[in-house]
Amino acid sequence: MKPIVHYSLHFLAPGLIALIFFRKEWKKAWIIMIATMLVDVDHLLATPIFDPDRCSIGYHPLHSYYAIAVYFVLLFFPKTRIIAVGLLFHMFTDWQDCQWSLWFLH
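Caption draft 1: Up close: the side chain of Thr36. With respect to the helices and strands, Thr36 occurs in the loop between helix 3 (26-35) and helix 4 (65-74). Within polar-contact distance, the side chain of Thr36 engages the backbone oxygen of Met33 at 2.5 Å.

Caption draft 2: Here's a closer look at the nonpolar core. Of all hydrophobic cores here, the largest spans 9 residues; its members are Ala13, Ile17, Ala18, Phe22, Ala29, Met33, Ile82, Val85 and Phe89. Secondary structure elements with two or more residues in this core: helix 2 (13-21), helix 3 and helix 5 (81-105). Apart from residues no more than four positions distant in its own chain, Phe22 is found in contact with Ile17, Ala29, Met33, Ile82 and Val85. Counting residues in hydrophobic clusters, the runner-up holds 8 residues, among them Val39, Ile57, Ala67 and Cys98.

Caption draft 3: Region of interest: the environment of Ala29. Its location among the elements puts Ala29 in helix 3. Between the alpha carbons of Ala29 and Ile17 there is a distance of 8.7 Å; along the sequence they are 12 residues apart. If we ignore the near neighbours within four places in the chain, the residues touching Ala29 are Ala18, Phe22 and Ile82.

Caption draft 4: Representation of the state of the cysteines within the structure. All chains considered together, the criterion is met by 1 disulfide. Residue Cys55 pairs covalently with Cys98 via a disulfide, S to S 1.9 Å. The sign of the 95° torsion about the S-S bond sets the Cys55-Cys98 disulfide as right-handed. Of the two residues, Cys55 sits in the loop between helix 3 and helix 4 while Cys98 sits in helix 5, which places them 43 residues apart along the sequence. On the basis of relative accessibility, which here comes to 9%, the residue Cys98 falls in the buried class.

Here is what the cut-offs are and how they apply
- Residues numbered from 1 in each chain as written.
- Predicted model: local features only at pLDDT ≥ 70, side-chain atom pairs only at ≥ 80, totals over all residues.
- Heavy atoms only, no water.
- Helix = DSSP H or I, 4+ residues; strand = E, 2+ residues; numbered from the N terminus.
- Polar contact = N/O pair within 3.5 Å; in protein donor to acceptor, adjacent residues only side chain to side chain.
- Core = buried A, V, L, I, M, F, W, Y, C linked by side-chain atoms within 4.5 Å.
- Buried < 20%, exposed > 50% of the residue type's maximum accessible area, 1.4 Å probe, protein only.
- Contact = heavy atoms within 4.5 Å.
- Disulfide = S-S within 2.5 Å.

Following this line, the structure appears as structure tokens:
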């Protein structure tokens, strides 16, 4: 169930966010938010590249708290707002995944 929730949040939820908050350009917004998945390129720096038990928040450089702060600042600029929403929702999704893992480990 965890992978279904995780990938639904990564791919389907941005579509819903796009429809609600960026109605005039929802298709463009959805594609941009899906493109923010490229932030996962930082996983290539880790060994192993994929570890289902590793929390990416605070571990990978583009998932660091400093990076998240930058993504938050991007919200205040209209030209980067959709990107910022996509990146922050991506971080939320990954954080939720970490919480899910913690919940089921205890």
